[in-house]
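Residues per chain are reported as follows:
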Amino acid sequence: VQLVESGGGLVQPGGSLRLSCAASGFTFSSYRMSWYRQAPGKERELVAAITSGGGSINYSDSVKGRFTISRDNAKNTVYLQMNSLKPEDTAVYYCNARSHYYDYWGKGTLVTVSS
């Protein structure tokens, strides 16, 4: 099983980034996919989640209206479009795949929002 995040980097406040998470080794279309983040000195927090078929999406209040989660089950990939980025969005972003029985994590990608 692999979850490989990409797309992180350094961006100025107000800018945009698109994170991708490529999945392999399990039946992607059967899993709820989520993005979490962990800022320095803080606990990991849920950013956004999307159900297996994409019919239900949830966002944390801190990113609602700025971030968009989506998935392509044909490509086994989940995305996080991040707009209007703020310095407080700086964190390592992790991809998570969850079913009733299994819980998988990627290694994370660093997003730094700074001028």
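Residues numbered from 1 in each chain as written. Predicted model: local features only at pLDDT ≥ 70, side-chain atom pairs only at ≥ 80, totals over all residues. Heavy atoms only, no water.

Next up on the list: the overall build of the protein. A tally of helices and strands in the protein yields 0 helices and 11 strands. Starting at the N terminus, the α and β elements of the protein follow one another as β-β-β-β-β-β-β-β-β-β-β. Its C-alpha atoms give the protein principal-axis dimensions of roughly 40 × 25 × 25 Å. By sequence separation, contacts in the protein at least 24 residues apart represent 52% of the contacts at least 6 residues apart. Entry remark: accessible area of the protein is about 6,100 Å², with carbon and sulfur atoms responsible for 47%. (Helix = DSSP H or I, 4+ residues; strand = E, 2+ residues; numbered from the N terminus. Contact = heavy atoms within 4.5 Å. Areas by Shrake-Rupley, 256 points an atom, 1.4 Å probe, with all protein chains shown as cover.)

Here we come to the state of the cysteines. Structurally, a disulfide amounts to a covalent bond that connects the sulfur atoms of two cysteines. Taken as a whole, this structure holds 1 disulfide when the rule is applied. Disulfide pairing places C21 opposite C95 at an S-S distance of 2.1 Å. The chirality of the disulfide connecting C21 with C95 is left-handed, given an S-S dihedral of about -85°. You can see C21 sitting in strand 3 (residues 17–24) and its partner C95 sitting in strand 9 (residues 91–98), a full 74 residues away along the chain. Judged by its relative accessible area of 0%, C21 is buried. (Disulfide = S-S within 2.5 Å. Buried < 20%, exposed > 50% of the residue type's maximum accessible area, 1.4 Å probe, protein only.)

On to the packing of aromatic side chains, then. Going through the model one piece at a time under the given rule, you end up with 6 aromatic pairs. For the ring pair F26 and Y31, a centre distance of 4.7 Å and an interplane angle of 65° mean the geometry is edge-to-face. Accessibility assignment for this pair places F26 and Y31 in one class, buried. On the numbers, 5.8 Å between centres and 25° between planes, the contact of Y31 with Y104 is stacked. Of the two residues, Y31 sits in the loop between strand 3 and strand 4 (32–38) while Y104 sits in strand 10 (residues 103–105), which places them 73 residues apart along the sequence. By way of ring pairs, the aromatic residues F26, F28, Y31, Y102 and Y104 are connected into one cluster. The ring of W105 is capped by R44, whose NZ or CZ atom sits 4.7 Å from the centre of that ring. Positioned above the aromatic ring of F28, the side-chain terminus of R71 is 4.5 Å from the ring centre. (Phe/Tyr/Trp six-rings, centres within 6.5 Å; stacked < 30°, edge-to-face > 60°. Lys NZ or Arg CZ within 6 Å of the ring centre and 35° of its normal.)

It is worth spelling out the pattern of salt bridges at this point. Here the structure, examined in full by the defined rule, presents 5 salt bridges. For R37, the salt bridge goes to E45, with nearest N and O atoms at 2.7 Å. Each of the salt bridges in this network shares a partner with another, and the network as a whole consists of R37, E45, R66 and D89. (Salt bridge = Lys/Arg side-chain N within 4 Å of Asp/Glu carboxyl O.)

On to the nonpolar core. Core analysis: the largest hydrophobic core is formed by 29 residues, its most contacted members being L3, M33, W35, V78, L80, M82 and Y93. Mapped by element, the contributors of at least two residues to this core are strand 3, strand 4, strand 5 (45–50), strand 7 (67–72), strand 8 (77–82), strand 9 and strand 11 (109–113). Discounting chain neighbours no more than four positions away, the residues touching Y93 are E5, L19, W35, Y36, R37, V47, F67, L80, M82, G108, T109 and V111. (Core = buried A, V, L, I, M, F, W, Y, C linked by side-chain atoms within 4.5 Å.)

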